[in-house]
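Spelled out, the chains give:
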Amino acid sequence: MLVTDNISHLRTARWADPRATWGLVPTMGFLHEGHLALVRAAKTANDYVAVSIYVNPTQFAPTEDLSTYPRDLERDLALLRAAGVDLVFTPSNEMMYPAGFQTRVEVTEITRYLEGVSRPTHFAGVTLVVAKLFNIIQPTRAYFGQKDAQQVAVLRRMVQDLNFNLELVVCPIVREPDGLAMSSRNKYLAGAERQAALVLRRALDAAEAAVASGQTDAEAIRAEMRGLIAAEPLAKLDYVSIADAQTLVEVEEIAGERLVSLAVFIGRTRLIDNVIIHR
Ligand code: PAF
């Protein structure tokens, strides 16, 4: 496994066999089973797999957890080696954003909703760094998790709008046995907070059950979800959304493909989760 922060070394490895296919799994490290599921999906469909590990500063607001974001490079590399990854790219901030850097990559419309309301600068940082990673590595396929549903929608748009020559592959959410969606930020959950965090899954289950029992009024379902969050003393709701799965615009009726999503603070930890429902 080649581990490098050097773009020309990376490109030499990437293009050693120009006909080979490469899958890229972009990450911010502190890997969990969700990341490893993306690696496994990439391995089954490509000749080689690259993983990037980079805690991208441009996607964090000044008030967010950039400085405390969990990091453990040695453990990550051991996991990736065991998973049979071929190349790990570990760039520095100076390489990604050298002095004089002044370019933006922004998707302007679907970034306004959901996460974009609470984190208005977040997606501009994500699209900027992912566009750079795509240009540096030039993968055949790139793998992302459905847990970040809006990130996936934004990146799809970017790939289409900027004609990136790759396939974006979305893999299902990986959950802990009790239903909590896997996230590097779960590490922040202390004591009773870990149990309280299950309220996100309970709220999504309630939405699915309501739809299964014939409820088509989206606002009634949002109200039920808000009620469940309010009943959990350690939880503070950021948003509950039922939106068109393509445009991310809030809907009144459950019809077609809907993205049910929510963001909730458990103590100081902000968690997100979602489910797609079809009717
Ligand atoms: O999903 C993430 O971990 C990050 O947003 C990504 C895609 C690696 C970009 O920094």
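Residues numbered from 1 in each chain as written. Predicted model: local features only at pLDDT ≥ 70, side-chain atom pairs only at ≥ 80, totals over all residues. Heavy atoms only, no water.

Q: So what about the overall build of the protein chain? Which residues, and what values?
A: Along its length, the protein chain carries ten helices and nine strands. Against the compact-globule benchmark of 19 Å for 279 residues, the protein chain has a radius of gyration of 19 Å, which places it among compact chains. If you line up the protein chain on its principal axes, its C-alpha atoms span 55 × 40 × 40 Å. Across the 279 residues in the protein chain, those meeting the buried criterion constitute 52%. A fraction of 72% describes how many contacts in the protein chain between residues 6 or more apart in sequence connect residues 24 or more apart. Counting every atom, the protein chain has about 13100 Å² of accessible surface; 52% of that belongs to carbon and sulfur. One way to put it: in the protein chain the 29 positive side-chain charges average out to a point 3 Å from where the 33 negative ones average out. (Helix = DSSP H or I, 4+ residues; strand = E, 2+ residues; numbered from the N terminus. Rg over C-alpha atoms; globule rule 2.2 N^0.38 Å. Buried < 20%, exposed > 50% of the residue type's maximum accessible area, 1.4 Å probe, protein only. Contact = heavy atoms within 4.5 Å. Areas by Shrake-Rupley, 256 points an atom, 1.4 Å probe, with all protein chains shown as cover. Lys, Arg positive; Asp, Glu negative; His and termini not counted. Charge placed at Lys NZ, Arg CZ, Asp CG, Glu CD.)

Q: Describe the sheet that holds strand 7 (residues 235-244), naming the residues involved and giving the relevant values.
A: In space, the three strands of this open sheet follow the order 7-8-9, with antiparallel pairing throughout. For this open sheet the edge positions go to strand 7 and strand 9 (269-278), each flanked by a neighbour on one side alone. Neighbour-to-neighbour, the strand axes of the sheet open up by a mean angle of 15°, direction not taken into account. Note that strand 8 (residues 257-266) and strand 9 share ten bridges and pair antiparallel. (Pairing = 2+ DSSP bridges. Axes fitted to C-alpha atoms, helices over the stretch in contact; angles between N-to-C directions.)

Q: Residues and numbers for the environment of A192, please.
A: Considering the arrangement of structural elements, one finds A192 in helix 8 (residues 192-196). By relative accessible area, which is 53% here, A192 ends up exposed. Between the alpha carbons of A192 and R157 there is a distance of 39 Å; along the sequence they are 35 residues apart.

Q: Account for the environment of Y54, with residues named and values stated.
A: Position of Y54 relative to the elements: it lies in the loop between strand 3 (48-53) and helix 3 (73-82). Sequence separation of Y54 and V129 is 75 residues, and the distance between their C-alpha atoms is 9.3 Å. Once residues within four sequence positions are removed from consideration, Y54 is found in contact with T27, M28, P91, S92, N93, M96, Y97 and V129.

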